[in-house]
Amino acid sequence: MEEKNIVNKNIELVKEILKNKVVVAPLAGYTNLAFRKIVKEMGASLVFTEMVSAKGLIYENDKTFDYLKTISSEHPLAVQIFGGDINEMKDAAQIVFNQGCADILDINMGCPVKKVLKQEAGSKMLLDVKKIYQMVKAIVEISPIPVSCKIRAGWDHQSINCVEVAKAIEKAGASMITIHGRTRSDMYGGKVNLDFIKMVKEAVNIPVIGNGDIRSISDAKKMLEYTKVDAIMIGRGSLGDPWLIRDLADYFKGLKIKEKPTIEERVEMMKYHFEELKKIKAEYIAILEMRSLAAWYVRTVPNNKAFKLALNKVNTSQEFYQLLETLKN
């Protein structure tokens, strides 16, 4: 009875967190502390760390532990871990709990990247529902916080098993599921299938987040109305466009949608993002990351080809700021 009460309490906690319906996905190489701070300021209700390796935590890899660095303003925060060994995942989860950095512990069961699959992790987990149940149950039993899972529709289109997986996750005591409406074989191509997301939502009683192809208010509205999920998760659509998070948050609050950002606002945001990156990384590493990020920020700016080409040659803060000024001309 006590265990059931804890599960119910965690589910209610998750529902409270998801009230404004705007969640930002874990994105490897992007959703670091600087990125999360910005989207939180824009109104995201929940943010995720980048994927954190269970092995990296167990072997006390400094770079892996960097993923767990947080600040108070970004909470509530979900820490996402991945691994294929149940005992290792249990030990890694305990390390996260001991760090006290997470409000939700998320298990990655959706990543389709080969280096993750080689560890029997990510979407490889979808091939063994029994193992999924055992892993989630083992972590829930030691967890002081809600446990969630991020899944895909299945390994491929011949093995769509998201409903079976979702039911196993719920039965094991998890408090939330995120479903990406693609299979592992789809990778990131084609269109997200909202039917898969709807199937999962209808199959379980715990909160469900829908993920995939949210790049506008219209996309979010379509997913919510069709699938009836509790919240929507924005992934690549948020890259270079934190204003999308702002607009979605305003939309769900019934507020008037603001004007699209001007060139000047984009430039100022890139400067802000860069300065936040430099607080957590060496300047040259921050420069390398901003080369990619700035390309996302200007993807809708007309005549951006020259800027993108010049971006690849930037090596210092001064050069970056000088290049940004050219956008205003």
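Throughout, a residue's number is its position along its own chain's written sequence, starting from 1. Two thresholds apply to this predicted model, a pLDDT of at least 70 for residue-level local features and 80 or more for giving and counting side-chain atom pairs, whereas whole-chain, interface and lining totals are computed over all residues. Calculated side-chain values reflect all of the structure's heavy atoms, with hydrogen atoms and water omitted.

Draft legend 1. Geometry of the side chain of Arg-182. Along the chain, the position of Arg-182 falls in the loop between strand 7 (176–180) and helix 9 (194–203). When its relative accessible area of 1% is taken as the criterion, Arg-182 is described as buried. Engagement of the side chain of Arg-182 in a polar contact is seen with the backbone oxygen of Gly-189, the distance being 2.9 Å. Here, residues are in contact when the closest pair of their heavy atoms is within 4.5 Å. Setting aside residues no more than four positions away along its own chain, Arg-182 makes contact with Arg-152, Ala-153, Gly-154, Met-187, Tyr-188, Gly-189, Gly-190, Lys-191, Val-192, Gly-212, Asp-213 and Arg-236. Secondary structure elements are defined from DSSP: runs of H or I of at least 4 residues count as helices, runs of E of at least 2 residues count as strands, and each element is numbered from the N terminus. To sort residues, take the accessible area from a 1.4 Å probe on protein chains only and compare it with the maximum for the residue type: under 20% means buried, over 50% means exposed, and anything in between is partly exposed. Polar contact is defined as a pair of N or O atoms within 3.5 Å, subject to the rule that within protein one atom must be able to donate a hydrogen and the other to accept it, and that residues adjacent in sequence are counted only when both atoms are side-chain atoms.

Draft legend 2. Spatial organisation of the packing of aromatic side chains. Classification of ring pairs uses Phe, Tyr and Trp, with its six-membered ring standing for Trp, and accepts pairs whose centres are within 6.5 Å; under 30 degrees between planes counts as stacked, over 60 as edge-to-face, and the remaining range as tilted. Going through the model one piece at a time under the given rule, you end up with five aromatic pairs. A centroid spacing of 5.3 Å and a plane angle of 65 degrees characterise the contact between Tyr-251 and Phe-252, whose relative ring orientation is edge-to-face. For Phe-252, a relative accessible area of 23% gives the class partly exposed. Seen in terms of ring centroids, Phe-320 and Tyr-321 are 6.0 Å apart; in terms of plane orientation they differ by 45 degrees. Their pairing is tilted. Of the residues examined, Tyr-321 reaches a relative accessible area of 22% and is grouped as partly exposed. An aromatic cluster is present here, built from Phe-274, Phe-320 and Tyr-321 joined pairwise through their rings. The ring of Tyr-188 is capped by Arg-152, whose NZ or CZ atom sits 5.1 Å from the centre of that ring. Remark: a charge is flagged as sitting over a ring if the NZ atom of Lys or the CZ atom of Arg is within 6 Å of the ring centre and within 35 degrees of the ring normal. The ring centre of Trp-155 lies 3.9 Å from the NZ or CZ of Arg-184, which sits over that ring.

Draft legend 3. Layout of unusual backbone geometry. The linkage connecting His-75 with the following residue, Pro-76, adopts the cis geometry, with an omega of 5 degrees. Examined against the element boundaries, Pro-76 turns out to sit in the loop between helix 4 (62–66) and strand 4 (77–82). Positive phi is not limited to glycine here, since Glu-120 has a value of about 60 degrees. Looking at where Glu-120 falls in the secondary structure, it is placed in the loop between helix 6 (114–117) and helix 7 (129–140). Take Glu-120: its relative accessible area is 38%, and that puts it in the partly exposed class. Of note, the phi angle at Asp-213 is positive, near 65 degrees, even though the residue is not glycine.

Draft legend 4. Up close: helix 2 (residues 33–41). Burial runs high along helix 2: eight of the nine residues are buried. Every buried residue belonging to helix 2 is among Leu-33, Ala-34, Phe-35, Arg-36, Lys-37, Ile-38, Val-39 and Lys-40, and all of these are buried. Each element contacted by the buried residues of helix 2 is listed here: strand 1 (22–24), strand 2 (46–48), strand 4, helix 11 (242–253), helix 12 (263–280) and helix 13 (283–297). Structurally, the start of helix 2 carries an N-cap: the backbone nitrogen of Ala-34 is 3.2 Å from a side-chain oxygen of Asn-32. Gly-43, located one to two residues past helix 2, shows a positive phi value of around 115 degrees.

Draft legend 5. Representation of the nonpolar core in the model. Ile-81, Ile-107, Val-136, Ile-151, Ile-169 and Phe-320 are the most contacted members of the largest nonpolar core, which totals 93 residues. Setting aside its immediate chain neighbours within four residues, Val-136 contacts Ile-107, Met-109, Cys-149, Ile-169, Ala-172 and Ala-174. The next biggest cluster of nonpolar side chains, apart from the first, holds 13 residues, and it includes Leu-18, Val-23, Leu-46 and Met-176. As used in this record, nonpolar core signifies buried Ala, Val, Leu, Ile, Met, Phe, Trp, Tyr and Cys residues forming a set joined through side-chain atoms within 4.5 Å.

Draft legend 6. The pairing of strand 6 (residues 147–152), seen in detail. Among the six residues in strand 6, six count as buried, and that is most of the element. Both faces of strand 6 are covered, namely the face carrying Val-147, Cys-149 and Ile-151 and the face carrying Ser-148, Lys-150 and Arg-152. Inspection of the sheet shows strand 5 (residues 104–109) paired to strand 6 by five bridges, in the parallel sense. Counted as the bridge partner of Leu-105 is Val-147 from strand 6. Note on pairing: two strands pair once DSSP finds at least 2 bridges between them.

By themselves, these observations are geometric and do not establish any function.
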